[in-house]
Structures are given as C-alpha cells and as structure tokens.
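Residue-level listing of the chains:
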Amino acid sequence: MTTSELRRLLEEDPDFIYLKRFDYSLKKLLERYPDGCPDRIIANALLMTEDDIQALYEKIVIKLRNAMGVSL
C-alpha cells in the first residue's frame, strides 16, 4: 500500500486507522481506549507526529470555543 493510498483511506474511510494491531479499525481502537488514548498512538494511527497532533488539537479547541462563543 502506498502513502497516497493510506492518506486516501484516512481521509475517506471513517473507520480506517493505520494500526495493524487494531486491524486498521477505529472501532477496535475505541474498544481498547474508551476514554481516549495516548498522543503517540493517535499520531501513529493518523501518520502524523505528536507535535502535529497537539497543534491540530489546539486548532480544534479554538474553533469550538469560537463556535460556542466562549473566550478565556
């Protein structure tokens, strides 16, 4: 499987993650970590670095705060 195929699956298949130990299934990952999983696992599953995960998380939180009208 090429990197472009992996990226396409990550973007288009809602259950696909790049972790063989969970049979490439987000559902199976969520069964193992129902309350959230470590950043290193998220980074591996999405072919990203841990720094990228943290930056993405912060962007999402800012968007949610703006949408909800919450400011700090």
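See above for the structure.
All of the points below concern the structure found in this document. (Residues numbered from 1 in each chain as written. Predicted model: local features only at pLDDT ≥ 70, side-chain atom pairs only at ≥ 80, totals over all residues. Heavy atoms only, no water.)

1. As for the overall build of the chain
Part 1 of the argument: Of the regular secondary structure elements, the chain holds four helices and zero strands.
Part 2 of the argument: Taken along the three principal axes of its C-alpha coordinates, the chain extends 45 × 25 × 20 Å.
Part 3 of the argument: Here the chain, with 72 residues, has 21% of them falling under the buried criterion.
Part 4 of the argument: Put simply, of all contacts in the chain between residues at least 6 apart along the chain, 24% involve residues at least 24 apart.
Part 5 of the argument: Surface summary for the chain: the accessible area is close to 5800 Å², and the carbon and sulfur share equals 54%.
Part 6 of the argument: Of note, the chain has its 11 positive side-chain charges centred 1 Å away from the centre of its 13 negative side-chain charges. (Helix = DSSP H or I, 4+ residues; strand = E, 2+ residues; numbered from the N terminus. Buried < 20%, exposed > 50% of the residue type's maximum accessible area, 1.4 Å probe, protein only. Contact = heavy atoms within 4.5 Å. Areas by Shrake-Rupley, 256 points an atom, 1.4 Å probe, with all protein chains shown as cover. Lys, Arg positive; Asp, Glu negative; His and termini not counted. Charge placed at Lys NZ, Arg CZ, Asp CG, Glu CD.)

2. A short note on a negative patch on the surface
Part 1 of the argument: Taken together, the side chains of Asp39, Glu50, Asp51 and Asp52 present a region of like negative charge at the surface.
Part 2 of the argument: Looking at which element gives the most residues to the negative patch, the answer is helix α4 (residues 50-68), with three residues.
Part 3 of the argument: With respect to the helices and strands, the residue Asp52 is situated in helix α4.
Part 4 of the argument: We classify Asp52 as partly exposed; its relative accessible area is 38%. (Patch = residues over 30% accessible without salt bridge, like charges linked within 9 Å, V, L, I, M, F, W, Y side chains within 5 Å. Salt bridge = Lys/Arg side-chain N within 4 Å of Asp/Glu carboxyl O.)

3. Overview of the nonpolar core
Part 1 of the argument: By size, the foremost hydrophobic cluster in this structure holds eight residues: Ile17, Leu19, Phe22, Leu29, Tyr33, Cys37, Ile41 and Ala45.
Part 2 of the argument: Not counting residues within four places of it along the chain, the set of residues in contact with Ile17 comprises Leu10, Phe22, Tyr24, Ser25, Leu26, Leu29 and Ala45. (Core = buried A, V, L, I, M, F, W, Y, C linked by side-chain atoms within 4.5 Å.)

As far as function goes, none of this settles anything; it's purely spatial.
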